[in-house]
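Fold and contact review
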Amino acid sequence: MVGITQPRPGEHVNANGVWDLLQNKGKMTVFSLCLLLCADLLDLAVGYLTVTIEPLPPVVVGETVTLKCNFKTDGRLREIVWYRVTDGGTIKQKIFTYDAMFNTNYSHMEDYRRREDLVYQSTVRLPEVRISDNGPYECHVGIYDRATREKVVLASGNVFLTVMSPPNNISVVAENTPAPFSRYQAQNFTLVCTAKGGKPAPSVYFKRDGELIEVISYTQTSSEQGGGSAGVRGARPLISRDLDDTKLQRSLSLLDPEGRVPPPPPRPYTESTQRVHTQGQQANEPSPATEVIPETVVSREFPRWVHSTDPLYYFSHTHIPQSDGSVVVQARLTWTLNPQLDNDALFSCEVKHPALSMPMQTEVTLAAPKGPKLSMTPTRAKVGDTVRITVQGFQNEVFPEPLFTWTRVGGRLLDGSAERDGKELILERVPAELNGSMYRCTAQNPLGSTDTHTRLIVFENPSMMKNTQNQNNGASRVDVLGLTWMALVLTVTVELT
């Protein structure tokens, strides 16, 4: 390649350097000269244009975001267009356009969805951002081509807007409830904490009586691996121990043939109707239809399977993506329930999220049911009425949800079944034979059980008695008429003969 000699001191050099090269005594090929001329002409025609956008920190739903497009050029500006990129970059939706020729700007969004404002040519403000605003944005800048003045030269920059959303709802429930209470077999118990509306997924953990619970993390099918202070281990069965035969036999001896603690002996019907008279009532006034019998003592007999005071807690969590970009997190805490230690224990679920200044919290207190309150309608049941006995509530807050079982003391229910589940017992068209019958409501959850009794008093139904009397009177009149006609026929027959 032929070198280029440097100009002598004092010689004049032109600004573009081209004619100096021609006047130089050095040798240059024709091809090299053409390249220099073309580069100089292109520089004069195209001009200079660069576009940059500063990265944005994550923002929280409801905040205002400013998208600023920085560009540098020595050419004449034609337009600035902002795009929102969706579907992985396959779709670009115009947001705003600035037309430099007419010095105007306008939105490409429908009026009812318009939330963007053009602050200054290349700057767009998004007030009250939503989760749906999350994603990439592009700024396209166009300048006029110097050569033709008709073509537009474009350059673009992009930025990713990350929108965070704190959880809007957290709740704690007991899994697989309602469930019965067992005195003789260890039961696994699981609390499920659900956090909804978070983006990104929040972190969830449990506390007991205000202290962080040390857990053993394990994974489940279709669930992500959880974290815990006790480290990660494989799933393992919970503790179960042999039964204490001595206590088992002793406890079984206290039960009635139906497997329940026998209620106190009922008072005679005549006694109950006299005791419920209040001051000001007449002696012949009917008594109320029910008599509340005190509940039996909640059993606190627990065999040897009860584990130590330091139970093992197993923890897992599952992430469920939602269509709006948020994530539903379900965290599970499982351990072997100890009714003696866990009754009245306070468990709380706390949720941490970068969009929250402090954790969200919800809590529940484990408690066995005590003293269900029963009501009966109608209050004065008559023969043929439909009677409803309903659980109105408890003397204390009960968690988890109790299981209700209805039985009739000393016999079967009206429909012939031995027991019935639910918060309400319905007795349709009660007969007089049910007067004075005793009904037992057993409320139980994994922490304990309790029985409450009520007595059904059935009164005579005057309307039914009146109908019966009318029917009897009608039958007797028919019999009298029949005998009269028979006598007349016999008399006529005798006279004729």
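Overview of the structure. (Residues numbered from 1 in each chain as written. Predicted model: local features only at pLDDT ≥ 70, side-chain atom pairs only at ≥ 80, totals over all residues. Heavy atoms only, no water.)

Describing the nonpolar core
Stated formally: Here, the term nonpolar core denotes a set of buried Ala, Val, Leu, Ile, Met, Phe, Trp, Tyr and Cys residues that are joined through side-chain atoms within 4.5 Å. Summary of the burial criterion: residues with accessible area below 20% of their type's maximum are buried, those above 50% are exposed, and those between are partly exposed, where the area comes from a 1.4 Å probe applied to protein chains only. Helix and strand definitions here come from DSSP, where helices need a minimum of 4 consecutive H or I residues and strands a minimum of 2 consecutive E residues; each element is numbered from the N-terminal end. Every residue pair with non-hydrogen atoms within 4.5 Å of one another is taken to be in contact.
Ranked by size, the top nonpolar core spans 28 residues in total, and within it L191, V204, F206, L333, W335, F347 and L366 carry the most contacts. Here this core gets five residues from one element, more than from any other, and that element is strand β19 (residues 327–336). When neighbours within four sequence positions are excluded, L191 is seen to be in contact with V172, V173, A174, F206, A331, R332, L333, W335, F347 and F399. Counting residues in hydrophobic clusters, the runner-up holds 24 residues, among them I53, L77, W82 and C139.

Considering the pairing of strand β20 (residues 346–352)
What counts is decided by this rule: Two strands pair under a simple rule: DSSP has to find at least two bridges between them.
Burial runs high along β20: five of the seven residues are buried. Pairing between strand β14 (residues 203–208) and β20: six bridges, direction antiparallel. What sits directly across from V204, in β20, is V351. Summarising the sheet, β20 and strand β21 (residues 360–365) pair through six bridges and their orientation is antiparallel. Residue S348 lies in a different strand from β21, and its bridge partner there is E363.

Observations concerning the sheet that holds strand β5 (residues 91–99)
To keep it simple, the criterion reads: In this analysis an axis means a line fitted to C-alpha atoms, helices contributing only their contacting stretch, and an angle means the value between N-to-C directions, from 0 to 180 degrees.
Taken in spatial order, the five strands of this open sheet run β6-β5-β4-β9-β10, and their pairing is antiparallel. Edge positions in the sheet fall to β6 (104–107) and β10 (152–161), since each has one partner strand and no second. Neighbouring strand axes in the sheet, compared pairwise and without regard to direction, differ in orientation by 25° on average. Pairing of β5 with β6 involves four bridges; the strand directions are antiparallel. If you follow Y98 over to β6, its bridge partner there is N105.

Details of the sheet that holds strand β18 (residues 313–321)
Pairing is mixed across the open sheet formed by five strands, whose spatial order is β12-β13-β19-β18-β16. Of all the strands in the sheet, just β12 (169–174) and β16 (215–217) have a single pairing partner and so form its edges. Across this sheet, the average inter-strand angle for adjacent strands is 25°, counted without regard to direction. In this structure, β18 lies alongside β19, joined through eight bridges in antiparallel fashion. Bridge pairing links P321 to V327 in β19.

What about the state of the cysteines?
Cut-off, in case you're wondering: By convention in this document, the label disulfide applies to cysteine sulfur atom pairs within 2.5 Å.
Taken as a whole, this structure holds two disulfides when the rule is applied. The disulfide partner of C69 is C139, and the gap between their sulfur atoms is 2.1 Å. Linking C69 and C139, the disulfide has an S-S dihedral of approximately -90° and is accordingly described as left-handed. Pair noted here: C69 is in strand β3 (residues 65–73) and C139 is in strand β9 (residues 135–144), with a separation of 70 residues, a long-range link. Take C69 and C139: they sit in the same class, and that class is buried. Disulfide partner of C193: C349, at an S-S distance of 1.9 Å. Because the torsion about its S-S bond is -75°, the bridge between C193 and C349 counts as left-handed. With C193 in strand β13 (residues 188–198) and C349 in strand β20, this pair connects stretches of sequence that are 156 residues apart. Accessibility classification places C193 together with C349 in one group, the buried group. In the protein, the bonded cysteines, numbered by position in the sequence, are linked as 1-2, 3-4.

Focus on the packing of aromatic side chains
Which entries qualify depends on this criterion: Two aromatic rings, drawn from Phe, Tyr or Trp (for Trp, its six-membered ring), form a pair once their centres lie within 6.5 Å of each other, and the interplanar angle then sorts them: stacked below 30 degrees, edge-to-face above 60, tilted otherwise. A ring is scored as having a charge over it whenever the NZ atom of a lysine or the CZ atom of an arginine sits within 6 Å of its centre and within 35 degrees of its normal.
Tallied over the full model, the rule gives six aromatic pairs. Taking 6.2 Å as the distance between ring centres and 75° as the angle between the ring planes, the aromatic pair formed by F206 and F315 counts as edge-to-face. Note that F206 is positioned in strand β14 and F315 in strand β18, a separation of 109 residues in sequence. The burial state of F206 is the same as that of F315; both residues are buried. Relative to F347, the ring of W335 has its centre 4.9 Å away and its plane inclined at 20°; by these criteria the two rings are stacked. Taken as a pair, W335 in strand β19 and F347 in strand β20 lie far apart in primary sequence, twelve residues in all. Exposure remark for W335: the relative accessible area of 0% places this residue in the buried category. Judged by its relative accessible area of 1%, F347 is buried. One aromatic cluster in this structure is built from F189, Y313, W335 and F347. Above the plane of the ring of F459 lies R380, whose end atom (NZ or CZ) is 4.7 Å from the centre.

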